[in-house]
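Observations on the model geometry
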Amino acid sequence: MTESPKTIVIGVIGPPCSGKSTVARIIESNGGVWIDADAIAKDQLTDPAVIDELVEHLGSGILSAEGAISRPDLADLVFGDDGESQGRLKQLESVIHPRTHAVIQSQIQQAAAERVPFVILDVPLLLESGWESQCDQVWCLQVSADRHEQLLAARGWDAAELARRERRQLSWSEKRRRSSWVIQNNGDVNDLREQIVDMLSQLQPESNSRHS
Ligand SMILES: CC(C)(COP(=O)(O)OP(=O)(O)OC[C@H]1O[C@@H](n2cnc3c(N)ncnc32)[C@H](O)[C@@H]1O)[C@@H](O)C(=O)NCCC(=O)NCCS
Ligand SMILES: Nc1ncnc2c1ncn2[C@@H]1O[C@H](COP(=O)(O)OP(=O)(O)OP(=O)(O)O)[C@@H](O)[C@H]1O
């Protein structure tokens, strides 16, 4: 019996709301395991120990009436353009990132042990947090300005909301420069799927035909 080929780890990057999760879902439906850092980080914010630690650093203003973390209030506190906001973001990251890192690492190990064909690392701060070294491929989403505006509007974000988060990330051009492939996402989801499935079949032909 021939052994399954080694798991290929694909990092997916790009600015907020450019299609990273959509790409991840497409790879998932082709036999990949999707590691969703935003969801893992979100989960951490419901842990009572994390809530206590954040309240200690950032004050009880981050809590809703029910005692849960208020994400919009926390976002306002950490994504401001002043030095204090930046310091608060560092504090938030110092609590969340080590925990998130451990979960991501264990999910990668589990997927590799199971020899799944692909792992998709959907980590918005992939380059900033040093995950690049664990990726066989890094793919960066590209969308036109008009298209991006439409996708953001559907999410209820304006240009200012995008800008305040992007300010705390590497620039889009740097993300593209450090990627092995730039995915054009200006068509519909079927166009996107065709590009991704074609790329997967080039990476691991036998695995892709097994799952399509
Ligand atoms: C501040 C929080 C509560 C705002 O929650 P909200 O629901 O508005 O956003 P969500 O978590 O869905 O993130 C949406 C996008 O914002 C951007 N973003 C989130 N955190 C950061 C950050 N630390 N630095 C830069 N951009 C960020 C990313 O592009 C992300 O995809 C939340 O983003 C958070 O807890 N951030 C810290 C954890 C973190 O760094 N997550 C990034 C992945 S590990
Ligand atoms: N080619 C496409 N056609 C139609 N809608 C799309 C396409 N690509 C993405 N979208 C939609 O745009 C929105 C943002 O996409 P997605 O959630 O995949 O982006 P993201 O980069 O993962 O965002 P974030 O990391 O900020 O959460 C979603 O509602 C998604 O359905």
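Just so it is clear, the structure is predicted and the values come from calculations on it, not from any experiment. (Residues numbered from 1 in each chain as written. Chains lettered and ligands numbered in written order. Predicted model: local features only at pLDDT ≥ 70, side-chain atom pairs only at ≥ 80, totals over all residues. Heavy atoms only, no water.)

1. As for the packing of helix H1 (residues 20-28) against helix H9 (residues 189-203)
Viewed as axis vectors pointing N to C, H1 and H9 meet at an angle of 55°, and their least axial separation amounts to 10 Å. In terms of axis orientation, H1 runs oblique to H9. Crossing of H1 against H9: the hand is right-handed. Of H9, the residues touching H1 (which contributes Thr22, Val23, Ile26 and Ile27) are Val189, Leu192, Arg193, Ile196 and Leu200. Of the residues belonging to the contact of H1 with H9, the class tally is 7 nonpolar, 1 polar and 1 charged. (Axes fitted to C-alpha atoms, helices over the stretch in contact; angles between N-to-C directions. Helix = DSSP H or I, 4+ residues; strand = E, 2+ residues; numbered from the N terminus. Parallel < 35°, antiparallel > 145°, perpendicular 65-115°, else oblique. Left-handed = near helix turned anticlockwise from the far one by under 90°. Contact = heavy atoms within 4.5 Å. Nonpolar A, V, L, I, M, F, W, Y, C, P; charged D, E, K, R; others polar.)

2. Notes on the UniProt feature "binding site: ATP" (unreviewed entry) in the chain
Taking the UniProt record as the reference, the feature "binding site: ATP" (unreviewed entry) is found at Cys17, Ser18, Gly19, Lys20, Ser21 and Thr22. Looking at where Ser18 falls in the secondary structure, it is placed in the loop between strand E1 (8-13) and H1. Residue Ser18 is classed as buried on the basis of its relative accessible area, which comes to 0%. Not counting residues up to four positions away in its chain, the partners in contact with Ser18 are Leu141, Val143, His148 and Asn185. Its relative accessible area of 25% is what places Thr22 among the partly exposed residues. Once you skip the residues sitting within four places of it in the chain, Thr22 turns out to touch Val189 and Leu192. (UniProt positions renumbered as here; feature names shortened; annotations may be inferred. Buried < 20%, exposed > 50% of the residue type's maximum accessible area, 1.4 Å probe, protein only.)

3. Some details on the site of ligand 2
Residues in contact with ligand 2 amount to 16 residues; listed here are only the nearest, Lys20, Ser21, Thr22, Arg155 and Asn185. Within the contact set of ligand 2, an oxygen atom lies 3.0 Å away from a backbone nitrogen or oxygen of Gly19. Gly187 is positioned with one of its backbone polar atoms (N or O) 3.1 Å from a nitrogen atom of ligand 2. Where the shell around ligand 2 is concerned, the elements lending two or more residues are H1 and helix H6 (145-155). Grouping the amino acids of the shell around ligand 2 by side-chain chemistry returns 5 nonpolar, 6 polar and 5 charged. (Near = heavy atom within 4 Å. Polar contact = N/O pair within 3.5 Å; in protein donor to acceptor, adjacent residues only side chain to side chain.)

4. A closer look at the environment of Gln204
For Gln204, the location among the structural elements is in the loop between H9 and helix H10 (205-211). Sequence-wise, Gln204 and Lys6 are 198 residues apart; in three dimensions their C-alpha atoms are separated by 9.7 Å. In this view, Gln204 contacts Pro5, Lys6, Ile8, Pro117 and Phe118; residues no more than four positions away in its chain are not counted.

5. Re helix H4 (residues 71-78)
Inspection of H4 places Leu74, Ala75 and Val78 among the buried residues, and these make up the whole buried set. Burial along H4 is one-sided: seen end-on, the buried residues are contained in an arc of 100°. (Arc of directions from axis to C-beta.)

6. Here we look at the packing of aromatic side chains
Tallied over the full model, the rule gives 1 aromatic pair. If you follow Arg155 out to its NZ or CZ, it ends over the ring of Trp157, 5.1 Å from the centre. (Phe/Tyr/Trp six-rings, centres within 6.5 Å; stacked < 30°, edge-to-face > 60°. Lys NZ or Arg CZ within 6 Å of the ring centre and 35° of its normal.)

7. Structural notes on the site of ligand 1
Residues in contact with ligand 1 amount to 18 residues; listed here are only the nearest, Asp38, Glu93, His97, Arg165 and Gln169. Within the contact set of ligand 1, a nitrogen atom lies 2.6 Å away from a side-chain nitrogen or oxygen of Glu93. With the chains in place, 91% of the 770 Å² that ligand 1 exposes on its own is no longer accessible. Per-element accounting of the shell around ligand 1 gives the leading share, 5 residues, to helix H5 (residues 83-113). Counted by class, the shell around ligand 1 contains 10 nonpolar, 2 polar and 6 charged residues. (Areas by Shrake-Rupley, 256 points an atom, 1.4 Å probe, with all protein chains shown as cover.)

8. Considerations on the environment of Arg115
Of note, Arg115 is situated in the loop between H5 and strand E3 (118-122). As a C-alpha pair, Arg115 and Gly11 span 104 residues in sequence and 17 Å in three-dimensional space. With sequence-adjacent residues up to four places away left out, Arg115 is seen in contact with Glu3, Ser4, Pro5, Lys6 and Thr7.

9. Structural notes on the sheet that holds strand E5 (residues 181-184)
Taking strand neighbours across the sheet as the criterion, the 5 strands line up as E2-E3-E1-E4-E5 in an open arrangement whose pairing is parallel. Each having just a single partner strand, strand E2 (32-36) and E5 make up the two edges of the open sheet. Averaged over all pairs of adjacent strands, the angle between their axes in this sheet comes to 25°, without regard to strand direction. Inspection of the sheet shows E2 paired to E3 by 5 bridges, in the parallel sense. Within the sheet, the bridge partner assigned to Asp36 lies in E3 and is Asp122. Against the sheet, helix H2 (residues 37-44) contacts E2 and E3, and its axis sits at roughly 45° relative to E2. (Pairing = 2+ DSSP bridges.)

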